[in-house]
Amino acid sequence: MRQIPQMDRFLTVDELSAGIAALAEQFPDLARLRRVGTSRLGEPIHMLSVGQGSKNVFLFACPHPNEPIGAMLVHHLSRTLCQDASIRELGDVTWHLIPCVDPDGTRLNEGWFAGPFTPRNYARHFYRPASHEQVEWTFPISYKRHYFDRALPETQMLMRVIDELQPAVMVSLHNAGFGGVYYYITREAPALYDLLHRIPEWEGLPLNLGEPEVPYARLLAPAIYGTLGTKDTYDYLESNGVDPTATLSGASSDEYARKYGTFSLIIEVAYYDDPRVNDSTPTNTRRRDAILRGLDLNAEASRAIEAIYGSVARDLRGHSPFETSVRWWIEALGASREAERQWAERAAETDRPATVAELFSSNEQVQFYRLLWLGMAVRMLEGEIAIGNGTPAIRQGLVEARQTFDEWATRLESTLPNLRVVPIRSLVAVQLGAVLATVSHLLGDDSKVEDIPESLDVTAHPA
């Protein structure tokens, strides 16, 4: 972790591809590069393999295209594996790494990759697909009344790789936008929990002890959850009076790989944090009221974005990815929010004081994430004008969308006096530490996991 250099920006798709190609050329006896798939827009997708072990470890980055921290990890780890024999000898392992599984979507985020790294600029250049266009969530599934078989070409590529490798460990390299560090793992691994808690501390990063991403997340230890599955989501929605078939798409990579006994690890690290994200001090606000207030903020956002979209819908001609995502956010996520409202109003566990961290999750973090969707609405309208479709409705809609965006961004900034932009190298270091610890524990020498320091000297890489 100490060896990771400073990183002042995220690499582009072209730079990531060139990086693994150069390694295969520089280290022909160690690194093997092969094409494993093609994106929807025709982009070749390559995988680098290093090692000769009998057990496969598979890492893939950008499962959501707004999450490039894992791509930086793959870029660094692939070179380290070629240069450092001690890492290759961690166990009887062959490493397989894909730096970007959604190059088309990732290119739509490159506008913020070089900064400035502010929530406003991030949201202004943000893109995230609708669920049925997400590589991570379009694996085939049949459960109760839900059936999905429209796997994307990139997802089909992952299916082929998983079927071939039958990985012992798989890491889908996600990351969050705001908050602290938290993890998802396929099954319980108590021997790892203490280390997974300490690794962020070495980099000065907090754990995320606020509300989980979804109410039905299974807590294994503080900030460590069981992986989420589409079947879990279906049962949760159904139990809260929402038709799951109206909102769900496909299964996840973890669900697909379970038939091989694969241990999946997801390390969620965030671009921004705040001292409140792991503050467990009770407040005077009931947790139920805090959650409902967050849902009200999202409902406000939904009404505003829906009004903008409704005013221009008949004039849209571009059929852009932004339009698809905005429409999905209005339609599908509205049902999910209704399910959460039903849960919050009835669940006994919400009838207690909210902690500072939980209150922060339901207020500031909600404001942050809703700004991202409004940013995509702005980009949708700018794209229409860019192709010459500047009708009066679209021009007026863009004026209103930009004005609302600025108001929400200013409102969010006013609530974050202690916002910190986390150094990229710290985020990559935490993901690297968690990957190496997990692989060592499951496939290597356990003594490497047990003989660990309480803290790391990272003064060579000041934040």
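Here the structure is shown first, and the text comes after it.
The rules behind these values
- Residues numbered from 1 in each chain as written.
- Predicted model: local features only at pLDDT ≥ 70, side-chain atom pairs only at ≥ 80, totals over all residues.
- Heavy atoms only, no water.
- Pairing = 2+ DSSP bridges.
- Helix = DSSP H or I, 4+ residues; strand = E, 2+ residues; numbered from the N terminus.
- Axes fitted to C-alpha atoms, helices over the stretch in contact; angles between N-to-C directions.
- Contact = heavy atoms within 4.5 Å.
- Expected span 1.5 Å × (residues − 1).
- Buried < 20%, exposed > 50% of the residue type's maximum accessible area, 1.4 Å probe, protein only.
- Parallel < 35°, antiparallel > 145°, perpendicular 65-115°, else oblique.
- Left-handed = near helix turned anticlockwise from the far one by under 90°.
- Nonpolar A, V, L, I, M, F, W, Y, C, P; charged D, E, K, R; others polar.
- Phe/Tyr/Trp six-rings, centres within 6.5 Å; stacked < 30°, edge-to-face > 60°.
- Lys NZ or Arg CZ within 6 Å of the ring centre and 35° of its normal.
- Salt bridge = Lys/Arg side-chain N within 4 Å of Asp/Glu carboxyl O.

Enquirer: What exactly am I supposed to notice about the sheet that holds strand 3 (residues 55-61) here?
Expert: Across a sheet, strands are paired by hydrogen bonds formed along the backbone, either parallel or antiparallel in direction. The nine strands are arranged 1-2-4-3-7-12-9-11-10 in an open sheet whose pairing can be described as mixed. Looking at strand neighbours, the two that pair on one side only are strand 1 (31-38) and strand 10 (219-221), the edges of this open sheet. The mean inter-strand angle of the sheet, taken between neighbouring strand axes irrespective of direction, is 25°. Both strand 3 and strand 4 (residues 93-98) contribute to a ladder of six bridges, which runs parallel. Bridge assignment links leucine 59 to a residue of strand 4, and that residue is leucine 97. Across the sheet, helix 7 (residues 190-202) lies against strand 9 (182-185), strand 10 and strand 11 (224-226), angled at about 150° from strand 9, the strand it touches most. Against the sheet, helix 15 (residues 424-443) makes contact with strand 3, strand 4, strand 7 (169-173), strand 9 and strand 12 (263-268), and its axis sits at roughly 160° relative to strand 12, the strand it touches most.

Enquirer: I would appreciate a short explanation of helix 15 in the present structure.
Expert: Compared with the 28 Å implied by 1.5 Å per residue over 20 residues, the 28 Å span of helix 15 between its first and last C-alpha is a close match. For helix 15, the buried fraction is high: 18 of the 20 residues fall into the buried class.

Enquirer: Looking at this model, I keep getting lost on the packing of helix 2 (residues 69-83) against helix 15. Mind explaining?
Expert: Helices that pack against each other are described as a pair by the angle of their axes relative to one another and the distance between those axes. Axis separation between helix 2 and helix 15 bottoms out at 9 Å; the angle between their running directions is 70°. The pairing of helix 2 with helix 15 is recorded here as roughly perpendicular in orientation. Once helix 2 is placed against helix 15, the crossing between them reads as right-handed. Judged by residue contacts, Ile69, Gly70, Met72, Leu73, His76 and Leu77 of helix 2 engage Ile424, Leu427, Val428, Gln431, Leu432 and Val435 from helix 15. Residue composition of the contact of helix 2 with helix 15, grouped by class: nine nonpolar, three polar and no charged.

Enquirer: Even after reading the chapter, I still don't get unusual backbone geometry, so can you show me in this structure?
Expert: Leave glycine aside and you will find that most residues have negative phi; peptide bonds, for their part, are mostly trans. In this chain, glycine 115 is followed by proline 116 through a cis amide linkage whose omega measures 0°. Mapped onto the fold, proline 116 is located in the loop between helix 4 (103-107) and helix 5 (119-124). Positive phi is not limited to glycine here, since cysteine 62 has a value of about 60°. Mapped onto the elements, cysteine 62 comes out in the loop between strand 3 and helix 2.

Enquirer: Is there a simple way to explain the packing of aromatic side chains in this structure?
Expert: For any two aromatic rings, the description comes down to two numbers: the centre-to-centre distance and the angle of the planes. Using the criterion set out here, one finds 28 aromatic pairs in the structure. When the centroid spacing of 5.2 Å and the interplanar angle of 65° are considered together, the rings of tyrosine 122 and tyrosine 271 count as edge-to-face. Here the residue tyrosine 122 occupies a position in helix 5, and tyrosine 271 occupies one in strand 13 (residues 270-273), the gap between them amounting to 149 residues. Classification of tyrosine 271 by relative accessible area gives buried; the value is 5%. Across from the ring centre of tyrosine 256, 3.9 Å away, lies the NZ or CZ of lysine 259, which sits over that ring. Against the face of tryptophan 408 rests arginine 370, its NZ or CZ located 4.2 Å from the ring centre.

Enquirer: Help me out: how do you make sense of the sheet that holds strand 13 in this one?
Expert: An order of 8-13-16 is seen for the three strands of this open sheet, with the pairing classed as mixed. Every interior strand has two partners, whereas the edge strands, strand 8 (176-178) and strand 16 (420-421), have only one. Here strand 13 runs beside strand 16; their pairing, made up of two bridges, is antiparallel. Within the sheet, the bridge partner assigned to aspartate 273 lies in strand 16 and is arginine 420.

Enquirer: Where do I start with the packing of helix 10 (residues 287-312) against helix 11 (residues 321-346) in this structure?
Expert: Here helix 10 crosses helix 11 at 155°, and the two axes come no closer than 10 Å. When the axes of helix 10 and helix 11 are compared, the pair comes out roughly antiparallel. Where helix 10 crosses over helix 11, the handedness of that crossing is left-handed. From helix 10, Arg287, Arg288, Ile291, Leu292, Leu295, Asp296, Asn298, Ala301, Ser302, Ile305, Glu306 and Tyr309 reach across to helix 11, where they touch Glu323, Val326, Arg327, Trp329, Ile330, Arg337, Glu340, Arg341, Trp343, Ala344, Glu345 and Arg346.

Enquirer: Could you clarify how one ought to interpret the pattern of salt bridges in this entry?
Expert: Oppositely charged side chains are able to pair whenever their charged atoms sit close together. Under the counting rule described, the total for this entry stands at 30 salt bridges. A salt bridge links aspartate 163 to lysine 259; its shortest N-O distance comes to 3.8 Å. On the criterion of sequence distance, the pair formed by aspartate 163 in helix 6 (residues 153-165) and lysine 259 in the loop between helix 9 (253-257) and strand 12 is long-range, its members being 96 residues apart. What makes lysine 259 exposed here is its relative accessible area of 54%. In this structure, glutamate 300 and arginine 370 form a salt bridge, with 2.8 Å as the shortest nitrogen-oxygen distance. Residue glutamate 300 is found in helix 10, and its partner arginine 370 is found in helix 13 (residues 364-386); the two are separated by 70 residues along the sequence. A relative accessible area of 29% means that glutamate 300 is categorised as partly exposed. Here arginine 370 falls in the buried class, since its relative accessible area comes to 1%. Linked through salt bridges whose partners overlap, the residues forming this network are Glu211, Arg287, Arg352 and Glu358.

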